[in-house]
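Chain and residue survey
Spelled out, the chains give:
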Amino acid sequence: MNVMKTTDPRLHYLTPLKQTPFHPRTAAENRLNDWGPWAGYTTALSFGDTAMEHSAIRNTASVYDLCPMVKYRVTGPDAAAYLDRLTVRNASKLSVGGVHYTIWCDDAGKVIDDGTLFRLGPTDYRICCQERHLPWLLDSAIGYEVAIVEETEDVAALSLQGPCTYSVLKAAGFDVADLKPFRMRTFPFDGGEVMISRTGFTGDLGYELWTTPAHAIALWDHLFAAGAPWGIRPIGTHALDIARIEAGFIITNLDFIPVDQAVREDRARSPFELGLEWMVDFDKGHFTGRRALLKEKVNKSSKWALVGLDIDGNVSVEGSIIYQNGKTEVGTVTAACWSPSAKRNIALAQVRRPYHESGNLFVEVYALRELQYAKLMLPARVCERPFFAPPRRRTTPPAPF
Amino acid sequence: MIYDAVIVGAGHNGLVAACYLARAGLKVCVVEKNDWIGGAAVSRELYPGFTYSNCSYVASLFRPEIMRDLELPKFGLQILPYEGGAVFMENGDYLGMHRDHDANRREFARHSKRDAEAYDRYARDVLRHCRFIRPMLLRTAPDPSSFRPRDLSELAWLGKQMFGLSEAAMYDMIRFWTMSIGDFLDEYFEHPTVKAYQAVASIIGTALGPMSPGTAYVLLHHAMGDVDGNVGAWGFARGGMGSITKALKASLEAAGGEVRAGNGVEKILIRNGRAVGVALENGDEVHGKRVVSNMDVKRTFLRHVDEDELPGDFVKRVKAFKIRGSSGKLNIALDCAPTFTALPPNSPHMKGDMHFTDSIEKMERAYDDWKAGHYSADPFQDMMIPTMIDPTMTPPGKHFMSCFVQYAPPKIEGNDWTDADRDGFARACLDQIEKYAPGFKNSILHVEVRTPRELEKEVGLTEGNIFQGELTFDQLLFNRPVPGCAQYRSPIKDLWICGSSTHPGGGVMGAPGRNAASEILRDLRAPTKDMSEAYAVL
Amino acid sequence: MPSFDVIVIGGGTNGLAAAHRLQSSGRKVLVLESAAAAGGAALGHEFAPGFRSPGLAHVANQIDNRVMSGMDLARHGLGFVTSSVSSTALSATGDHLVLEGAAGASIKGNLSDADRKNWLALRKQLLSFAEVLAPFKQITAPRIAKGAGNEFGKLAKFGLNLRMLGKADFREFLRMILINVYDVVNDELTDKRLKGLLTFDATLGSWLGPRSPNSLILLLNRLSGEVAGQRATLALPKGGMAAVAEAMVKSAAASGVVVRTGAAVDSLLIEDDKAVGVTLANGEEVRAKLVVSAMNPKTTFLKLIGPRHLDAGFVKCIGDQKSRGAAAKLHLALKAAPDFRGADLKSRLVIAPSDDQVELAYNAVKYGEVPKRPVMEIVIPSAHETGFAPTGQHVLSAVVQFAPHKPKAGPDAARAEMLENTLAMLEEHAPGIRSLITHAELLMPYDIEARYGMVGGNWHHGELSVEQMLFLRPIAGIAQYATPIEGLWLAGAGCHPGGGISGAAGWNAAERILREVRA
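The rules we used
- Residues numbered from 1 in each chain as written.
- Chains lettered and ligands numbered in written order.
- Predicted model: local features only at pLDDT ≥ 70, side-chain atom pairs only at ≥ 80, totals over all residues.
- Heavy atoms only, no water.
- 1 Å grid on protein atoms, 1.4 Å probe; cavity = no way out; pocket = protein on both sides within 12 Å on 5 of 7 lines; lining within 4 Å.
- Points joined across faces, edges and corners; volume = space filled by probe spheres on them.
- Helix = DSSP H or I, 4+ residues; strand = E, 2+ residues; numbered from the N terminus.
- Domains from an automatic or database assignment.
- Contact = heavy atoms within 4.5 Å.
- Buried area = accessible area lost by both parts, 1.4 Å probe.
- Salt bridge = Lys/Arg side-chain N within 4 Å of Asp/Glu carboxyl O.
- Polar contact = N/O pair within 3.5 Å; in protein donor to acceptor, adjacent residues only side chain to side chain.
- Nonpolar A, V, L, I, M, F, W, Y, C, P; charged D, E, K, R; others polar.

Things to note about empty space enclosed by the protein
Gaps left between atoms show up when a probe the size of a water molecule is rolled over them. All names here are of chain C. For the structure on display, the rule yields 12 cavities of 30 Å³ or more. Here the largest cavity defines a volume of roughly 290 Å³. Along its surface, the largest cavity is lined by 21 residues, and Ala103, Gly104, Asp201, Leu223 and Ala232 are the ones closest to its centre. At the level of secondary structure, the elements contributing two or more residues to the lining of the largest cavity comprise helix 3 (113–133), helix 7 (192–203) and helix 8 (216–223).

This is the structure we're talking about:
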């Protein structure tokens, strides 16, 4: 008979959903026991009241457990050159201590994933993204002197978002007064380190805190102790989702299908089709997908547009089909909510070109009210994203609230 | 009494064809040589209290359209998806398979971090190929040499399917169809055991090794099935594979059809160039307006039809039809579940397929033995313990173990199998299991060993080939079984074939039987309202 | 330094053919060859004092007729000792079978009447299929796409020719196109020697065994070759295969092509994502409007260009392009004529005792091992003409299969084992031959790679297998000689229709360039 040790790596299947390093704390806070799976982890969908949690994002300070995000470390003399070839943005220009949002494409210029790129040192980067890409990252490394290591489980991360987060950090002893958006700084903490980046997924003032799993609980406790006067509270995915739609941010596999996962070929999207053309740097030299994207740009052959929609009324329009003139099917809503911050009925949508410029769009909504669906055709307008963008998100040094 | 159709062989395809014909109002009689029915989809009590799926042993390919058309669940059919699987490794570890996506990834990551993250892309690509081929299963292959409108329109349909793909996807498809699974897997994975696990489906039932071109297609043949829409998943028929044919028989009888078991066909009766019935071994004759043979193409035409009734070219092609058996089987009654030293206690891995071949190289070497006319010294086994899931087959706590074994040649160095050969073959298999589950042999209550010899003798599969003919391109689609004769018809009027020798080939799929019935009904201009078209691939 | 319109990298047969064709159209062409002489795999070398090998290839079965006449090779010195070398299936007992005429039109030796009759029928069928396929070698591989510049006229003719086979043969064509050669010969024939010879020929230069599906098409490919105006024949150029290279060099030079030898290309010059020239190993830059690489695709993309100028998926696919070579080349210096139990030394001598033996020899390389009993084809150039060996002595040239390209035992141990096993096979068929050997050279696939730059030692610069043919050659997406880098074209054996001393790939590439690029 085998002796079963709890650390036996073979027994991972007994817990197909792992707990994050913060789980002892999130579990204690999760009044409704409302959990959902995220990339192989158990994560809180809400802690008890989504509206209150969203309110914390826009009013005080919210804490979201980011651990399931997939992390890769890229190091070596060719790290910058490698990332320039991998991603569509200029990674060489990203200065040490800087972060940028980026995407990477396949040869045909279709988006594989988006993520944030952290430059930790001259030859040291971290990619933080939604999906797993090790084979692609390794294949892309052929001809480059780089090492690529998957380090998802080695990093514990929290997202601290809201107008009072600067104050909370200050109270916690982390002076980030002069830390500008998309910059990061490392602080000693608990005998180790915590790296704080002024980044987030809410479009508000906020920070992300990165440490090792060993210091995770201490970080959580320290933040909540320091943040108590501001009413700091943990938030779940539901509240974050509202905030990110307000901010106009897209999520892989919700707003677009990564090309390497698309079973149906026509689901693949280029940066132009996701409204991300602003980040494609054609002048930095060759990168994967460059030739295809240049062709798409010159030929204006993009087929789709990812747009923000403003919809009449206050009925949320998740999963709706979009029509022009009420009859031609032209697209699909990928995310939608009533925005408490913007007081508008908003959505992100994929619309077939050129209908994104055509006007006269409608969304078909089946609104369930007491076991009956009301079928609505609601007029919708393409509009600017973000839907909500408070100036405090960029102010440096930030105001206390 | 003259039936509208006499079906020869109560295997799953014969019964499927019979059911559809009966439901369309034809008077149908199925004749079967054995005392039991089912062909290679049978449940038999060969040891008291133990039910064996002693031929085919798992289900996935059986078309859901057929299950529904013929109301098989109403007649008792239940398919139970299985839960896990494992390859036992030479180094004492194992590679497990899990239904849960993340558990699967972590299991792969124990062996290769890269492979763990490569699997999704691989599964996606295979699924793409499955989606392409699934609609073809319930269609008659067109004759590319014909100018008949129907063949042309069917060719056009195929072309349309093809051109629905992007140029790059078309090339991927053509490469996939023509390459070896070994080469294909090399493009995705690095770990030998990960590759060996994926390669399993590419060699089952096949007289090829994983390094042979064309095996990637065979993988598809096993991956294009589903359990309740979960493409590529496999399951057990509750009560053994005989439950499928039992349900078919009940469905047939409910539709007014008959089954006569216990007397084989001696000769297919032909008068004036038309099939008019069959003469049985006991001298009885069963007359019908047409004869539909579920036997393989060699058996049908070379044993039960006079050669001078057939065109010479056709006979030549049938004689050259490749039907080399490659597998054997051990059916084992166990006093208790084996303990595999590699597995943690109560692991889900025993509720699925288990293997002992941890690299493509070992698999290929097993095939080299077959080429040389030997059974494999270090065989590949596809081992299942259905009773880990199905409580109906043995007394509680006891188990039925099914070991599908490759490779076993139709003849040993050109000679017929002897009992000593058979025993040596069994020993190689049992020793292999014992190595990974010490004490296993002591728990054996009974073993039934089936080499190609037994398979041919009992089930009537020529040379013991489980697919009624090899699945290489020269014997697929319009080439199956014979070019120009790939539409379930034969050179003899009113003699039809409906077994796995025809498109789309072997496995407990039912598609050949259904398609043959479709062609017969089309000729009769009879309604086929009870026959579903293939479910649309959305 | 004169300026050139086109730089051709690699002065092998394909590079020279492409250079000549482009020069003849009015472009100024420079060929850069890293070796001391142009000619690539056709070149022979002195492997022992006074003994010269006939080249990596030692018998010609397909010299593209456009190259032959377009370059007027005859006028530039290419002649043939014979254009109908017979093939002898050697028997260890002296009971040889000799195939004479195109594709064995007649057979001498003990052969049953049934086999004789069936062979002629099979031969006729295979030749008719080969005839249909032959024109494919002289077009750019079509793409399954709109606007791909496919040569529809020629494709339509192919379709028509296919239908003209008649219904029965058309069906047989579709049945057999992806079949294995083993089943075909066993369906029709019983004689082991004949089956051994045919399966050997089908798998020569490939990484497949006779039982591997898709192996018959390789035999058809061979039968569709043409040399000296004859289909499916074997010819010996006067002076060995090197004479082909020499004639091509002379012809190219006469047309105005500049051939620079000893000029190794280090990298491609890329500016603004366009190929504008090359940098030589000595640092010198040479510029031109177009660059044509007749090098191996892997070398071209991964070394000369480098991943940084290419997409990651493309680099992965080029890496995955299969290029396993399994043929070793043996050169023996013999102090006297060997005796293969009476076989005619002017014949191509094949040691492939049976189809199963060929398969068995293949088994080993699958695992990176050396076969116990290799199979081989032997040519003795010194039996035909002087100049290869001192008078009275002989050169034995043999292609020996199957040899591992990445042996588990390591390169030196594998070479030694392969040589020993090969010599043992020779001794079995020519008793006493070992005592005649004064020098032996065995080039394993990795030696061939080192010497000729053929990755994996594969003659075709990438396996010639169905999944790497036509629009999939060298890989999908670059099957029409153009590459993702504007101004860079491919013209080597890695492209359609593959290798051999033929020049077809180079000629096709040049035709494509002329069609696609305005002067």
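A word on the domain arrangement of chain A
Put simply, an interface is often sized by how much accessible area is lost when its parts join up. Considered domain by domain, chain A is made up of domain 1 (11–67 + 155–235), domain 2 (70–153) and domain 3 (265–383). Each of domain 1 of chain A and domain 3 of chain A was reduced to a C-alpha centroid, and the two centroids are 31 Å apart.

Looking at the interface of chain C and chain A
With 13 residues of chain C in contact, the opposing surface of chain A contributes 16 residues. For the pair chain C and chain A, the two sides together bury roughly 1,200 Å², of which 44% comes from carbon and sulfur. Area buried by chain C at its contact with chain A is led by Arg308, Asp311 and Ala312 of chain C, which between them contribute 50% of it. Of the charged contacts in the structure, one is a salt bridge between Asp273 of chain C and Arg290 of chain A, with a shortest N-O distance of 3.7 Å. For the interface between chain C and chain A, the tally reads 13 residue pairs in polar contact (both at pLDDT 80 or more). In terms of residue class, the side of chain C that touches chain A is made up of seven nonpolar, two polar and four charged.

A look at the domain arrangement of chain B
Residue and element names in this part refer to chain B. By domain assignment, chain B separates into domain 1 (2–39 + 64–77 + 239–321 + 468–524), domain 2 (113–233) and domain 3 (327–407 + 409–450). Once you take the C-alpha centre of each, domain 2 and domain 3 turn out to be 28 Å apart. Counting from both sides, the interface comprises 19 residues of domain 2 and, opposite them, 15 residues of domain 3. Where domain 2 packs against domain 3, one counts zero salt bridges. Counting the contacts that link domain 2 with domain 3 gives seven residue pairs in polar contact (both at pLDDT 80 or more). Sorting the residues of the side of domain 2 that touches domain 3 by element identifies helix 7 (181–186) and helix 8 (192–203) as the ones contributing at least two each.

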